[in-house]
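# Chains, contacts and geometry: an overview
Here are the chains, one letter per residue:
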Amino acid sequence: MERSVRWARRARARLIELREDPASAPAVIVTNPGQAQFGIVQGGTDPALRTESVQATVAIGFEAYAIGGLSVGEPVDVMYEVVGHTAPQLPADRPRYLMGTGMPDDLVECVARGVDMFDCVLPTRNARNGQLLTQHGVLVIKNAQYATDGRPPDPDCGCYTCRHFSRAYLRHLYMAGEMTAATLMTVHNLYFYLDLMRRIRDAIGFGSFEKLRSEFLQTFSRRPQPH
Ligand SMILES: [Zn+2]
């Protein structure tokens, strides 16, 4: 945690130096001078270290802040606890980014705890492994039940894949080792995530986020569902 703070200080100083006097480092090609630099909060699962890390990182001063060191194998309730402890201590007027967290219910639960942004390999990696994420949970396309299933992967979804292809066809592509299966399922999963975040933003705007949260948690299950 202390090393992260030292790195943050050096990185911030260097970025400001390059912004103010790019001629001092002619070898550095600044392609995006307006980019935001994120300070990363560490501290594992220790609340006191998290608080110390927040204070030291915010004191340096960044355009935005990230919560690092989570989703690395700890139980999900511990992750929620650390996010719930850490996110509210970050400045309200700066984006808060939770690194590497990615199940759809995690997004909903961590927004509830004050997070704005996420990134994760899950939507694309799971798509390549034949897992489609839907409102109801995970659909495992290789399951035999989909071999003659003419319905779209998710009948409620507006994505290109769901509007054009059946479960049976996607399963056929997947079982044949055809790369198109990975592409089409990635299209669906990314659409699902972007749509979920859009619905979350709308619900916050309309003051109905808690309603969305309870409805989502009622219908979404992590275990593969018979769809
Ligand atoms: Zn879809």
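Below is a summary of the structure that appears in this document. (Residues numbered from 1 in each chain as written. Predicted model: local features only at pLDDT ≥ 70, side-chain atom pairs only at ≥ 80, totals over all residues. Heavy atoms only, no water.)

## Describing helix α7 (residues 167-175)
Burial in α7 covers these residues: Arg167, Ala168, Leu170, Arg171 and Leu173. Packed against the buried residues of α7 are β6 (137-140), α6 (160-164) and α8 (179-206). Among the residues trailing α7, glycine 177 stands out with phi positive, at a value near 70 degrees. (Buried < 20%, exposed > 50% of the residue type's maximum accessible area, 1.4 Å probe, protein only. Helix = DSSP H or I, 4+ residues; strand = E, 2+ residues; numbered from the N terminus. Contact = heavy atoms within 4.5 Å.)

## Regarding helix α1 (residues 2-20)
The end-to-end C-alpha distance of α1 is 27 Å, a good match for the 27 Å that 19 residues give at a rise of 1.5 Å each. Those residues of α1 not exposed but buried are Val5, Ala8, Arg12, Leu15 and Leu18. Down the axis, α1 shows its buried residues gathered within 155 degrees of arc, on one side only. Those residues of α1 that are exposed and aimed more than 90 degrees away from the buried face are Glu2, Arg3, Trp7 and Arg10. Looking at the buried positions of α1, the neighbouring elements they touch are α2 (47-60). (Expected span 1.5 Å × (residues − 1). Arc of directions from axis to C-beta.)

## Digging into the pairing of strand β3 (residues 96-99)
Note that strand β2 (residues 64-67) and β3 share 3 bridges and pair parallel. Each residue of the ladder has a partner; that of tyrosine 65, found in β3, is arginine 96. Taking the sense of rotation as the criterion, the β-α-β connection linking β2, helix α3 (residues 76-86) and β3 turns out right-handed. Bridge count between β3 and strand β4 (residues 117-119): 3 bridges; the pairing is parallel. By the bridge assignment for β4, methionine 99 is matched with aspartate 119. Each parallel crossover has a hand, and the one from β3 via helix α4 (residues 104-112) to β4 is right-handed. (Pairing = 2+ DSSP bridges. Right-handed = clockwise from strand over helix to strand, strands pointing away.)

## Section: the packing of α7 against α8
The N-to-C vectors of α7 and α8 enclose an angle of 135 degrees; their axes lie 7 Å apart at closest approach. Taken together, α7 and α8 sit at an angle that is classed as oblique. As for the relative orientation of α7 and α8, their crossing is left-handed in sense. For the pair α7 and α8, the contacting residues are Leu170, Leu173 and Tyr174 in the first and Thr180, Ala181, Leu184 and Met185 in the second. Of the residues contributing to the contact of α7 with α8, the split by class is 6 nonpolar, 1 polar and no charged. (Axes fitted to C-alpha atoms, helices over the stretch in contact; angles between N-to-C directions. Parallel < 35°, antiparallel > 145°, perpendicular 65-115°, else oblique. Left-handed = near helix turned anticlockwise from the far one by under 90°. Nonpolar A, V, L, I, M, F, W, Y, C, P; charged D, E, K, R; others polar.)

## Quick word on the nonpolar core
Among the nonpolar cores identified, the biggest contains 35 residues, and Val83, Leu98, Cys110, Phe118, Leu133 and Ile200 are the most heavily contacted of them. Residue assignment for this core shows that the elements contributing at least two residues are β2, α3, α4, β6, α8 and α9 (209-219). The leading source of residues in this core is α8, at 6 residues. (Core = buried A, V, L, I, M, F, W, Y, C linked by side-chain atoms within 4.5 Å.)

## Things to note about the environment of arginine 113
Relative to the elements of secondary structure, arginine 113 occurs in the loop between α4 and β4. Assessed through its relative accessible area of 24%, arginine 113 is described here as partly exposed. The spatial distance from the C-alpha of arginine 113 to the C-alpha of arginine 163 is 34 Å, given a sequence separation of 50 residues. Those residues within four positions of arginine 113 in sequence are excluded, and the remaining contacts are Tyr80, Val83, Gly84, Ala87, Pro88 and Arg213. Separated by 3.3 Å, the side chain of arginine 113 and the backbone oxygen of tyrosine 80 make a polar contact. (Polar contact = N/O pair within 3.5 Å; in protein donor to acceptor, adjacent residues only side chain to side chain.)

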